[in-house]
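# Descriptive analysis of the structure
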Amino acid sequence: MINDKTKVNDTIQLIKFDDALELVKKESDTVLSKSPLIIRGYTKHLMASRGKYIRAMSVIICAEDKNGMVHPNAVKIAAAIEILHLATLVHDDVIDNADLRRGDVTLQKKYGKRTAVICGDYLLCAALNLAGSISGKQDYLDLDMPDYMGKVCLGELNQHINNSNLNLSVYQYLKIISGKTAALFEASFHAGAIFSDCDKSECRKYKQLGYLIGMIFQLTDDCIDFEDTMESAKKPVQSDYEQGVITLPLIHALKNISGFSEKAANSGISRTEINEAVSKAGGLNFTHMVVKKYYNKAVKIINGLEVSDNKKEKLMTILSKAARAI
């Protein structure tokens, strides 16, 4: 755990970039492995399905100062965001009735839906508690974590309300994912920017960059459902529609193939018919085109930031990960 009191000559002891990333993992591991005994077995199970820490890494990269050093409070916020993300995945798996997450059995499959929901709720509380434990909280009031958590929840609810909505527009869909996925990326970049002590104008650029990368991440994931195998994706694929989730490649097909939407509404459509329609309408090409537009905007923002070439390179790495190296 990080000691907020650790100072050198009455100033906060900053942390090297690589050390900060390791401390994020230790912070999140501590929350999961040392949680109250009644829930510890479940939280330890979740440690096996940790992701690539792309959101936490975003916080640390954005938090780097001109000397490549990171404020210790950024580590705590990065860990809090990672735990919050894990909570949303636990809840997602319950909603989707998913058996696998990153190649491992999901919490809801192994222990049941009720247990999984309660564990997800606990993780949400743990994330807020960790975020609230930083020193000098008054300095970071612009980072409204509960507001970002609310956006994620409302995005998920909006998606649920629109499950199987064959009339979902492109605009409506982009609005949904701006909450359920992009909001947490925006929070990550916003948090890092605040800890880097940049001015408000520069901070807004980071927020916009986080939003764009979050949109890219989700839209690329939509394509994975059509393009990847379960073995490479390490999660179920060819399953969004079966879960009632209408994604952009299918929305494009429903809007551009005559009679397809009516057939889906009246007699249903098979996975084979969906794949054929998406291919015929160019649904994946359309989605990749939207991704490319977001990508180009993100590159423009990165190039316009007043930071070192090294930091720009790290931001480009996050962007490439989100777009799967477009």
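The structure this text deals with has already been given above.
Please read these numbers as outputs of a predicted model, since none were measured by experiment.

A few words on the nonpolar core. Counting 104 residues, the largest nonpolar core has Ile60, Leu219, Leu250 and Leu315 as its most contacted members. The element contributing the most residues to this core is helix H4 (residues 72-96), with 13 residues. Excluding residues that lie within four positions of it along the chain, Leu250 makes contacts with Tyr241, Phe260, Ile274 and Val278.

Moving on, we come to the packing of aromatic side chains. Per the stated rule, a full pass over the model turns up two aromatic pairs. Between Tyr42 and Tyr111, the ring centres sit 4.8 Å apart and the planes meet at 75 degrees, which makes this aromatic pair edge-to-face. Placement of Tyr42 in helix H2 (residues 37-47) and of Tyr111 in helix H5 (residues 107-111) is noted, with a sequence separation of 69 residues between them. Judged by its relative accessible area of 33%, Tyr111 falls in the partly exposed class. Taking 5.2 Å as the distance between ring centres and 45 degrees as the angle between the ring planes, the aromatic pair formed by Phe185 and Phe217 counts as tilted.

For the rest of this paragraph, the subject is the packing of H2 against helix H6 (residues 113-131). With their axes 11 Å apart at the nearest point, H2 and H6 run at an angle of 80 degrees to one another. Between H2 and H6, the crossing angle belongs to the class labelled roughly perpendicular. For the pair formed by H2 and H6, the contact residues are Ile39, Tyr42, Thr43 and Leu46 on the first element and Thr115, Cys119, Tyr122 and Leu123 on the second.

We now examine a nonpolar patch on the surface. A contiguous nonpolar surface patch, about 320 Å² in accessible area, is contributed by Leu154, Leu157 and Ile161. Mapped onto the elements of the fold, Ile161 is located in helix H7 (residues 145-161). Here Ile161 falls in the exposed class, since its relative accessible area comes to 58%.

Criteria and thresholds
Residues numbered from 1 in each chain as written. Predicted model: local features only at pLDDT ≥ 70, side-chain atom pairs only at ≥ 80, totals over all residues. Heavy atoms only, no water. Core = buried A, V, L, I, M, F, W, Y, C linked by side-chain atoms within 4.5 Å. Buried < 20%, exposed > 50% of the residue type's maximum accessible area, 1.4 Å probe, protein only. Helix = DSSP H or I, 4+ residues; strand = E, 2+ residues; numbered from the N terminus. Contact = heavy atoms within 4.5 Å. Phe/Tyr/Trp six-rings, centres within 6.5 Å; stacked < 30°, edge-to-face > 60°. Axes fitted to C-alpha atoms, helices over the stretch in contact; angles between N-to-C directions. Parallel < 35°, antiparallel > 145°, perpendicular 65-115°, else oblique. Patch = residues over 30% accessible without salt bridge, like charges linked within 9 Å, V, L, I, M, F, W, Y side chains within 5 Å. Areas by Shrake-Rupley, 256 points an atom, 1.4 Å probe, with all protein chains shown as cover. Salt bridge = Lys/Arg side-chain N within 4 Å of Asp/Glu carboxyl O.

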